[in-house]
Amino acid sequence: MTSPYHHGSLAVQTRVGVRELADHVGRSIGPGIRPVAAAFLELQPMLVIGAADEEGRVWSSLLTGRPGFVRATGPRSVSVAGGVADGDPLSAALARDGTPVGTIALDPRTRRRMRLGGTARPSPGGLAIEAERVFSNCPKYLQKRELYEPASAFAAAARRHGVRLTPAQTGFVRAADTFFIATVAPGHGADASHRGGNPGFVTVASPTELSWPDYAGNAMFLTLGNLEADAHAGLLFLDWTTGTTLQLTGTARAVFDDEGRTVRFTVDRVVETEGANPLRWSAPAYSPANPPVSV
């Protein structure tokens, strides 16, 4: 059986001592979209997509729509109605055929998530993705939220671009209990994943330096494995109540020590968009798996 992991993930698994467990868990990764996965996708009002732009910077972007805007059109294909908004950092990359993408459908209502990686091409109605890797994750570190009605007067404001976090953006990041991270590995595609914890689990050391603990997960180490191969990464933070999105691109590296693992991220570009997300969510019920945050 061909391993679902490339050399980066294998190196991290070996370093942490979970190769046998990773081999077992990796059996859940396959190219096919099972009926239960297809049904889950059709219920989702949002999808996070990650890819590299034309300059090699990696971004994580948000797609939203009425349930059914993401749907399986075959055992290995997905259609996404609408695509990313005009002016999104990934709009040019997703306008061409064969762009490697990673996606994650995360449902805070049920604390379920599903990841799908493959290649994207533009379609008349949005995007078509040919699946290469499909699997689900456990609900660890995923906060539960209820979905309210979408904003009645929805209009995204102009984007604000920068090369460092403003004081307000720093507060946004420090208050976050969830973010999404996109990574790539040359020749092995892209991946989009989720990170969650109690507010404060993301540390802002300076306007260009973030860090967060790498909590114990499924032992696959797809994100850290990609970072072993290519340090570029893209982060997406959501304001679940106002619809503001904060996209960061830069580079990341994992630091291993006796106390565990920490990921350090250096900001290269910042894009903040007020009202980018029409969805409105309740206050969270935090995951019981979240470790306490040291103040």
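Refer to the structure printed above.
Residues numbered from 1 in each chain as written. Predicted model: local features only at pLDDT ≥ 70, side-chain atom pairs only at ≥ 80, totals over all residues. Heavy atoms only, no water.

Let's shift gears to the nonpolar core. Among the nonpolar cores identified, the biggest contains 30 residues, and Leu210, Trp212, Leu235, Phe237, Leu248 and Phe265 are the most heavily contacted of them. In this structure Leu235 touches Ser60, Phe179, Phe180, Ile181, Leu210, Trp212, Leu246, Gln247, Leu248 and Phe265, once residues within four positions along its chain are discounted. Formed by 29 residues, the second largest nonpolar core is a distinct cluster that contains Ile33, Leu63, Ala72 and Val78. (Core = buried A, V, L, I, M, F, W, Y, C linked by side-chain atoms within 4.5 Å. Buried < 20%, exposed > 50% of the residue type's maximum accessible area, 1.4 Å probe, protein only. Contact = heavy atoms within 4.5 Å.)

Because each turn of an α-helix spans 3.6 residues, side chains separated by three or four positions end up pointing in the same direction. Residues of helix H4 (residues 167–174) that are buried include every one of Gln169, Thr170, Phe172 and Val173, and no others. Take H4 and look down its axis: the buried residues cluster within an arc of 155 degrees, on one side only. Residues of H4 that are exposed and point over 90 degrees away from its buried face: Pro167 and Ala168. As for H4, its buried residues are in contact with strand E11 (203–206), strand E12 (209–213), strand E13 (232–238), strand E14 (245–257) and strand E15 (260–273). (Helix = DSSP H or I, 4+ residues; strand = E, 2+ residues; numbered from the N terminus. Arc of directions from axis to C-beta.)

Among the secondary structure elements, Glu228 is positioned in helix H5 (residues 222–229). Note on Glu228: relative accessible area 47%, which makes it partly exposed. For the pair Glu228 and Val184, spaced 44 residues apart in sequence, the C-alpha separation works out to 9.9 Å. Once residues within four sequence positions are removed from consideration, Glu228 is found in contact with Gly8, Ala11 and Val12.

Counting across every chain of the model gives 14 salt bridges. Note that Glu146 is salt-bridged to Lys144, the shortest N-O span being 3.8 Å. In this structure Lys144 comes out as partly exposed when scored by relative accessible area, which is 32%. Salt bridges linked by common partners bring Glu55, Arg57, Asp268 and Arg269 together as one network. (Salt bridge = Lys/Arg side-chain N within 4 Å of Asp/Glu carboxyl O.)

Moving on to the side chain of Glu272. With respect to the helices, strands and loops of the structure, Glu272 is situated in strand E15. A distance of 2.7 Å separates polar atoms of two side chains, one belonging to Glu272 and the other to Gln169. (Polar contact = N/O pair within 3.5 Å; in protein donor to acceptor, adjacent residues only side chain to side chain.)

As summarised here, the arrangement of the seven strands in space is E2-E1-E5-E6-E7-E4-E3, forming an open sheet in which the pairing is antiparallel. At either margin of the open sheet sits one strand with a lone partner, and together these are strand E2 (58–64) and strand E3 (70–74). Put simply, the sheet's adjacent strands are angled 35 degrees from each other on average, direction ignored. With nine bridges joining them, strand E5 (residues 99–107) and strand E6 (residues 112–123) adopt antiparallel strand pairing. Residue pairing for E6: Pro100 is matched across the bridge by Thr119. Where helix H3 (residues 35–42) meets the sheet, it contacts E3, strand E4 (77–81), E5 and E6, and its direction lies at approximately 80 degrees from that of E6. (Pairing = 2+ DSSP bridges. Axes fitted to C-alpha atoms, helices over the stretch in contact; angles between N-to-C directions.)

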